[in-house]
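Close look at the chain arrangement
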Amino acid sequence: MAPFTLLGRFLLELVQEIGGLGILIWRTTQLLPRTFANARAVFQQMDRIGIGSIPLVCVTSLFVGAVTAIQAAYQFHGYVPYKFIGTVVGKSVTLELGPVLTALVVGGRVSASIAAEIGTMKVTEQVDALEMIAIDPVEYLVLPRVVAATIMLPALTIFSDFLAIFGAAVVANISIGVSFHTFETGLKLLFRQQDLVGGLMKTFAFGYIIALMGCYHGFETRGGAEGVGVATMKAVVASCLLILISNYLLASLIFRIIFAPSS
Amino acid sequence: MERGTGKHIVRLSGVAKAFERKPVLTGVDLDIARGETLVVIGRSGCGKSVLLKHITGLIAPDAGEIFFEEEDITRFSRKKLFQMRMHFGMLFQGGALFDSLTVGENVALPLRRHTTLGEDEICRRVCGRLELVGLTDVYNRYPAEMSGGMKKRVGLARAVVMDPAIVLYDEPTTGLDPIMADVINGLIRDLQRELKITSVVVTHDMKSAYRVADRIAMLYEGKIVHSGTPEEVRETANPVLRQFVEGSAQGPITPV
Ligand SMILES: Nc1ncnc2c1ncn2[C@@H]1O[C@H](COP(=O)(O)OP(=O)(O)O)[C@@H](O)[C@H]1O
Ligand SMILES: [Mg+2]
């Protein structure tokens with residue numbers, strides 16, 4: 001095939017994709033006032049997305065905190081006093097590691113499960129059946145998931161931040177020999193509330209992205225079981241990429257403009 | 001939208017649809033009379049499901065018009081389409097039950113979303129509809145625990161729970177054993193008589209077509225090629241229809 005035809009087809013698909021996503025975002029936004037009428041479904045999804053992710057977030061956070069402490073000690077060795085381990089752990093966890101790693105692991109779990117669920121509903125005509133009984137699939141399926149994920153991601157991240165710092169403190173104590181008191185002093189030394197707030201602000205967007213990608217790719221599912229597999233994969237890849245890209249953009253916005261360092 | 005009184009409840013005129021340049025419907029003209037049972041026959045993959053989805057506004061045509069109660073649904077807003085669908089019931093090929101809900105919740109869902117009925121009344125109506133399709137003691141079971149025939153009957157109960165004016169059946173007997181197929185055919189007739197509904201059945205099962213039809217139409221190469229009473233169809237001279245009805249490999253339709 002001629003390269004221009006290929007390029008043309010690629011651009012056309014890209015435009016279609018962005019258009020489809022735009023329509024879904026628009027319709028979900030329009031339906032936001034219906035959140036309260038669907039409160040039961042929202043709570044159900046908050047339970048599935050949020051409470052269901054706690055074990056995963058626990059393990060991830062504890063080990064991320066632990067390795068951060070180890071790496072800090074390794075890098076500081078001979079140059080920087082170990083009392084600063086708490087400082088660097090606190091900063092890196094609240095600013096980046098907590099929000100981003102929570103979003104990535106929860107994103108894998110949740111966007112895959114949403115895409116597979118809606119994709120299966122699509123190929124077994126359950127989505128059409130909703131339309132036929134005059135229920136808007138966007139209101140019934142997308143709205144509760146998007147709202148629940150957008151609320152639960154910040155909550156999970158707070159939890160993750162604490163656990164990661166706890167994990168770091170324990171490892172610092174046991175294998176590096178930094179007392180809890182020293183760790184805590186270091187942690188408080190340069191801690192600013194805006195680190196925590198800025199980190200959490202990003203996670204609203206991450207939650208939104210995770211649910212939206214799951215729903216969008218679920219609805220785009222074609223064919224049978226194989227189509228569901230493809231949709232699930234696309235949802236996970238898209239949500240991870242968008243989390244990383246938006247993380248950079250949001251960090252630029254939050255930490256260079258909103259909380260700009262005053263020099 | 002009030003229930004109309006015109007002769008035709010649904011009319012299609014010149015409906016055409018292609019998927020990725022592959023034409024599926026190429027100009028369907030079809031009038032569906034109030035209260036009749038119309039069976040549309042055609043080979044697998046000829047576009048029968050696509051035709052039903054056009055009638056309900058689930059798919060928009062590339063060209064042509066579709067009227068429900070003399071209003072062109074291709075110009076409807078989403079809101080208007082949803083209002084229209086309150087008068088429709090549809091039985092999907094695989095039942096399309098919501099597998100996260102129990103049987104009872106499946107059938108109750110339209111009532112819960114669109115009426116202000118109390119729990120007792122909803123429960124009463126749901127059980128009534130389930131009895132109508134010959135099911136008892138299934139209220140709390142999940143679709144995954146049920147056979148194909150039972151799922152279709154639950155799907156049928158859900159399709160008629162809102163007292164629709166018209167019910168569409170997508171291959172209601174495909175994949176069922178002959179006895180269950182006969183049960184479903186009987187139900188289609190009973191429901192039509194009891195609830196005074198218009199029924200549109202698409203199928204490739206001629207036995208079922210003869211059993212339920214007031215009128216049979218054949219979809220072939222994207223068009224309605226013939227329509228008539230079951231007796232007319234039995235004695236047709238139309239070579240395409242004749243070959244299909246007789247189920248023969250010889251004739252104008254080439255096996256693909
Ligand atoms: N949403 C769709 N996208 C692309 N092609 C479709 C779609 N729906 C149906 N088709 C194609 O249209 C043709 C007719 O399908 P269908 O109406 O399901 O046949 P049947 O008569 O067996 O019900 C098939 O070739 C199918 O691949
Ligand atoms: Mg079909």
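Residues numbered from 1 in each chain as written. Chains lettered and ligands numbered in written order. Predicted model: local features only at pLDDT ≥ 70, side-chain atom pairs only at ≥ 80, totals over all residues. Heavy atoms only, no water.

Here's the deal with the nonpolar core
What counts here: Working definition of a nonpolar core: buried Ala, Val, Leu, Ile, Met, Phe, Trp, Tyr and Cys residues. They are joined through side-chain atoms within 4.5 Å. Throughout this description, buried means an accessible area under 20% of the type-specific maximum (1.4 Å probe, protein chains only), exposed means over 50%, and partly exposed covers the range between. Secondary structure counts use DSSP, requiring at least four H or I residues in a row for a helix and at least two E residues in a row for a strand, with both numbered from the N terminus. Whether two residues touch is decided by their heavy atoms; if any such pair falls within 4.5 Å, the residues are in contact.
One finds Val10(B), Leu12(B), Val28(B), Leu30(B) and Phe88(B) to be the most contacted residues of the largest nonpolar core, which totals 81 residues. When residues of this core are assigned to their parent elements, the largest contribution, 12 residues, is made by helix H6 (residues 137–176) of chain A. Those residues in contact with Leu12(B) that lie beyond four places of it in its chain are Val28(B), Asp29(B), Leu30(B), Asp31(B), Leu51(B), Ile55(B), Glu65(B) and Ile66(B). Of all hydrophobic cores here, the second largest spans 44 residues; its members include Ala108(B), Val126(B), Leu130(B) and Ile197(B).

Describing the site of ligand 1
All names here are of chain B. The condition is simple: Proximity is defined per residue: any heavy atom of the residue falling within 4 Å of a molecule or strand makes that residue near it. Distance and chemistry together define a polar contact, namely a pair of N or O atoms within 3.5 Å, with one atom able to donate a hydrogen and the other to accept it when in protein, and with adjacent residues in sequence counting only for side-chain atoms on both sides. Here the open area of atoms and residues is found with the Shrake-Rupley method and a 1.4 Å probe, where only the protein chains shown may cover a residue.
Around ligand 1, the structure places Phe19, Lys22, Val24, Arg43, Ser44, Gly45, Cys46, Gly47, Lys48, Ser49 and Val50. Here Val50 contributes a backbone N or O atom positioned 3.0 Å from an oxygen atom of ligand 1. Burial of ligand 1 by the surrounding chains reaches 63%, relative to a free accessible area of 560 Å². It is helix H1 (residues 48–55) that contributes the most residues to the shell around ligand 1, three residues altogether.

Some details on the sheet that holds strand S10 (residues 223–228) of chain B
Residues and elements named next belong to chain B. Heads up, the rule is: Any two strands between which DSSP finds at least two bridges are classified as paired. In this description, a line fitted to the C-alpha atoms serves as the axis of each element, helices being fitted only across the stretch in contact, and the angle between N-to-C directions of two axes falls anywhere from 0 to 180 degrees.
In spatial order, the strands read S6-S7-S8-S3-S9-S10; together these six strands make up an open sheet with mixed pairing. The open sheet has two edge strands with one neighbour each: strand S6 (88–91) and S10. Strand-to-strand twist of the sheet, defined as the mean angle between neighbouring strand axes without regard to direction, takes the value 20°. Relative to strand S7 (residues 166–170), S6 runs parallel, the two being bridged by four bridges. Residue pairing in the sheet places Gly89 in a bridge with Val167 of S7.

Notes on the pairing of S7(B)
All names here are of chain B. Within S7, five of the five residues are buried, which leaves it mostly tucked inside the rest of the structure. Every second residue of S7 is oriented toward a common face, with Ile166, Leu168 and Asp170 on one face and Val167 and Tyr169 on the other, all of them buried. In the sheet, S7 pairs with strand S8 (residues 198–203) via five bridges, with the strands oriented parallel. Note on S8: the bridge partner recorded for Val167 is Ser199.

Quick notes on the packing of H6(A) against helix H7 (residues 180–189) of chain A
Think of two packed helices as two axes; the pair is described by the angle between the axes and how far apart they sit. All names here are of chain A. As a reminder of what qualifies: Throughout this description, any angle smaller than 35 degrees is read as roughly parallel, any larger than 145 degrees as roughly antiparallel, any in the 65 to 115 degree range as roughly perpendicular, and the remainder as oblique. For any pair of crossing helices, the crossing counts as left-handed if the nearer helix is rotated counterclockwise from the farther one by less than a right angle, and right-handed if it is rotated clockwise. Three categories are distinguished: nonpolar for Ala, Val, Leu, Ile, Met, Phe, Trp, Tyr, Cys and Pro, charged for Asp, Glu, Lys and Arg, and polar for the others, with Gly belonging to the last.
The N-to-C vectors of H6 and H7 enclose an angle of 135°; their axes lie 9 Å apart at closest approach. Of the possible angle classes, the one that applies to H6 and H7 is oblique. Crossing of H6 over H7 shows right-handed handedness. Listed contacts from H7 to Ile165, Ala168, Ala169, Val170, Ala172 and Asn173 of H6 are Phe180, Phe183 and Leu187. Of the residues belonging to the contact of H6 with H7, the class tally is eight nonpolar, one polar and no charged.

Quick word on the interface of chain A and chain B
In plain terms, the rule: Accessible surface is computed with a 1.4 Å probe, and the buried area is the amount of it that two parts give up when combined, taken over both parts together. The rule for a salt bridge is simple: a side-chain nitrogen of Lys or Arg has to be within 4 Å of a carboxyl oxygen of Asp or Glu.
Across the contact, 18 residues belong to chain A and 21 residues belong to chain B. Between chain A and chain B, the buried area comes to about 1,800 Å², and carbon and sulfur atoms account for 59% of it. Of all residues in chain A, Glu125(A), Met132(A) and Ile133(A) bury the most surface against chain B, accounting for 35% of the area lost on that side. Counting every contact that joins chain A to chain B gives six salt bridges. Counting the contacts that link chain A with chain B gives nine residue pairs in polar contact (both at pLDDT 80 or more). When residues of the side of chain A that touches chain B are traced back to their parent elements, those giving at least two are helix H5 (126–132) and H6 of chain A.

Side note on the pattern of salt bridges
Close approach of charged atoms allows side chains with opposite charge to pair. Residues and elements named next belong to chain B. Applying the stated criterion across every chain, the model contains 29 salt bridges over all chains. Glu69 is the salt-bridge partner of Arg34, the closest N and O atoms lying 2.8 Å from each other. Of the two residues, Arg34 is situated in the loop between strand S2 (22–33) and strand S3 (37–41) and Glu69 in the loop between strand S4 (63–68) and strand S5 (71–72); the sequence distance between them amounts to 35 residues. Glu145 serves as the salt-bridge partner of Arg141, at 4.0 Å between the closest nitrogen and oxygen. Here Arg141 falls in the partly exposed class, since its relative accessible area comes to 31%. Of the residues examined, Glu145 reaches a relative accessible area of 47% and is grouped as partly exposed.

Quick word on the confidence of the model for chain A
Applied cut-off: Summary of the metric used: pLDDT quantifies the predictor's per-residue confidence within the range 0 to 100.
With 99% of its residues at a pLDDT of 70 or more, chain A has an overall mean of 94. When mean pLDDT is taken per element in chain A, H5(A) scores highest with 97 and helix H1 (residues 3–30) of chain A scores lowest with 92.

Observations concerning the pairing of S2(B)
Residues and elements named next belong to chain B. Where strand S1 (residues 8–19) and S2 come together, nine bridges link them in antiparallel fashion. Bridge pairing in S2 links Leu12 to Leu30. Where S1 folds back on S2, the antiparallel hairpin that results is connected by two residues, among which Glu20 adopts a positive phi of roughly 45°.

Points about the sheet that holds S2(B)
If you trace the four strands from one edge of the open sheet to the other, you get S2-S1-S4-S5 (chain B), paired in antiparallel fashion. Every interior strand has two partners, whereas the edge strands, S2 and S5 of chain B, have only one.

Description of the environment of Thr157(A)
Residue and element names in this part refer to chain A. On the secondary structure map, Thr157 appears in helix H6. Here Thr157 is in contact with Gly98, Pro99, Thr102, Leu200 and Thr203, once residues within four sequence places are set aside. A polar contact of 2.7 Å, which involves the side chain of Thr157, links it to the backbone oxygen of Leu153.

Describing the side chain of Asp72(B)
Residues and elements named next belong to chain B. As for its position among the elements, Asp72 is in strand S5. Among the residues examined, Asp72 registers a relative accessible area of 11% and is labelled buried. Within polar-contact distance, the side chain of Asp72 engages the side chain of Thr74 at 2.6 Å. There is a polar contact of 3.2 Å between the side chain of Asp72 and the side chain of Arg75.

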